Amino acid sequence: MFQQLPMYQRLGDQAFKKDLTKTLEFAKHLGEPHKKFKSIHVAGTNGKGSTSHMLASVLHEAGYKVGLYTSPHLKDFRERIKINGQLIPEKSVVEFVNDHRKFLTDAKLSFFEMTVGLAFDHFAENEVDIAVIEVGMGGRLDSTNIITPEVSVITNIGLDHTAHLGSTLPEIAREKAGIIKKDVPVVIGEKNKATTPVFTETAKNQNAKLIFAQDLRFPKYSTDLKGDYQNKNMKSVLGVVKVLRDKGWNIPEECLKNGLNSVKLHTSLQGRWDTLQEKPKVICDTAHNKEGIGLVVKQLKKEESQHLHIVLGVVSDKDLETILPLLPKTAEYYFCKPDIPRGLDAEILAEKAAEYGLEGRVFDSVSKAYEVAVDSALDEDLVFVGGSTFTVAEII
């Protein structure tokens, strides 16, 4: 299936489908599994993965059987589909593909459409109490958008995937607001003058209760996810927990606290401000757009180190003009290309980076760039690996 089905993770634009027709046909073929479990739908430019994992951890801690669907994966395809932190068994994936191979081939489904069907089928078959479903891209026409959830979440809006979602914040917000369903409450993580009117109008049209997490007052909570930016994601999570409690879901305060502090334990989430070693300290983060990189650079400045080494690899559809100016000029760079078809050639990346005063060496693989960076760093130095989920996936 990796080879046969178009996969956005590897190919980019040519694998992207802006249509729900085939997803709905596949759901019908599977017996409409998405109608057999309750769910939470999570969209947003940044933070939707962390938010989804936090929610799954909190609900798990509260004693519920929790499905979790996220994308992309780092090392193993099965990371995308979990129940109470357990990866979908390999046997289940193989049986599913064998059972539905004719439909998958005849209908010319994309990789993402197939995976969404597999996830929903797995959750229905295992009778989860609730599933946390992360949007792949956008919202309105994303394959996950056939569910009617208990609550929808939109973490924030930034300029990413502009070729598909629009080139302005209101346009992108409109696509993401497409997950707002009739009479289903929606939590918006971050307020923005450009996007608030879009959410207000959509929620009104759908008779959906609109909650801006930023406006809610909560006691201070902590989480085992260490990026400073997780405080913003936590507000979205707390907003969702409030909605669920109001709807009768039993989430005791102790379970909320424990769940937020056991995200890695319950979900095995990786790649979010992850410290991989000390002396030299190595940190990786999957941030890959202007807003995400901006937050990461802000936190890098807080780290005490003698010298900063950055292993940088990106995909070809990223707007480098918005990302490269944010990166520190004082760092030493190790440019590389993630090992996927849509990875950007390291030479091109280095040339572009030089225009912004970012200097370094070019390597023919992420692993080689990483190895040289760690070898070159003194114990007091800091090595950061990032630029793309796929760059991080190769060293984690």
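By convention here, each chain's residues receive numbers from 1 onward along its written sequence. Only residues with pLDDT of at least 70 are given local features in this predicted model, and only at 80 or more are side-chain atom pairs given and counted; all residues enter the totals for whole chains, interfaces and linings. Hydrogens and water molecules were not included; the side-chain quantities draw on all heavy atoms of the structure.

Draft legend 1. Fine view of the pattern of salt bridges. Throughout this description, the term salt bridge denotes a Lys or Arg side-chain nitrogen within 4 Å of a carboxyl oxygen of Asp or Glu. Using the criterion set out here, one finds 16 salt bridges in the structure. Note that Arg-140 and Glu-175 form a salt bridge whose closest N and O atoms lie 3.0 Å from each other. Of the two residues, Arg-140 is situated in the loop between strand 5 (130-134) and strand 6 (151-154) and Glu-175 in helix 7 (residues 169-176); the sequence distance between them amounts to 35 residues. Between buried and exposed lies partly exposed: a residue is buried under 20% and exposed over 50% of the maximum accessible area for its type, with that area taken using a 1.4 Å probe on protein chains only. Of the residues examined, Glu-175 reaches a relative accessible area of 12% and is grouped as buried. Secondary structure follows DSSP: runs of H or I at least 4 residues long count as helices, runs of E at least 2 residues long count as strands, and numbering of each begins at the N terminus.

Draft legend 2. Molecular detail of the sheet that holds strand 13 (residues 360-362). At least two bridges found by DSSP between two strands are what make those strands a pair. Pairing is mixed across the open sheet formed by 6 strands, whose spatial order is 9-10-14-11-12-13. Of all strands in the sheet, those bounded by a partner on one side alone are strand 9 (274-277) and strand 13. Here the strands of the sheet are splayed against their neighbours by 20° on average, with no regard to which way each runs. For strand 9 and strand 10 (residues 281-284), the ladder comprises 3 bridges, and the chain directions are antiparallel. Directly across from Gln-277, in strand 10, lies its bridge partner Val-282. Contacting strand 11 (308-312), strand 12 (332-335) and strand 13, helix 14 (residues 346-354) runs over the sheet at an angle of about 150° to strand 12. Along the sheet, helix 15 (residues 366-376) contacts strand 9, strand 10, strand 11, strand 12, strand 13 and strand 14 (382-386); its crossing angle with strand 11, the most-contacted strand, is approximately 175°. Every angle, taken between N-to-C directions, lies between 0 and 180 degrees, and every axis is a line fitted to C-alpha atoms, over only the stretch in contact when it is a helix. Residue contacts follow a heavy-atom distance rule, with two residues in contact if any of their heavy atoms lie within 4.5 Å.

Draft legend 3. Fine view of the confidence of the model for the protein. Per residue, pLDDT measures the predictor's confidence, with a range of 0 to 100. Averaged over all residues, the pLDDT of the protein equals 92, while 93% of them reach at least 70. Taken as a whole, residues 8-15 scores under 50 in pLDDT and shows 27 contacts with residues more than four places along the chain or in a different chain.

Draft legend 4. Representation of the sheet that holds strand 6. The strand order across the open sheet formed by 8 strands is 4-3-2-5-1-6-7-8, and the pairing between neighbours is mixed. Of all strands in the sheet, those with a lone pairing partner are strand 4 (86-87) and strand 8 (210-212), marking the two edges. As defined by bridge partners, strand 1 (residues 38-43) adjoins strand 6 across 4 bridges and the pair is classed as parallel. Each residue of the ladder has a partner; that of His-41, found in strand 6, is Ser-152. Contacts from helix 3 (residues 48-61) reach strand 1, strand 2 (66-69), strand 3 (81-83) and strand 5, with the element oriented near 170° to strand 5. Packing against the sheet, helix 9 (residues 230-246) makes contact with strand 1, strand 6, strand 7 (186-188) and strand 8, and its axis sits at approximately 165° to strand 6.

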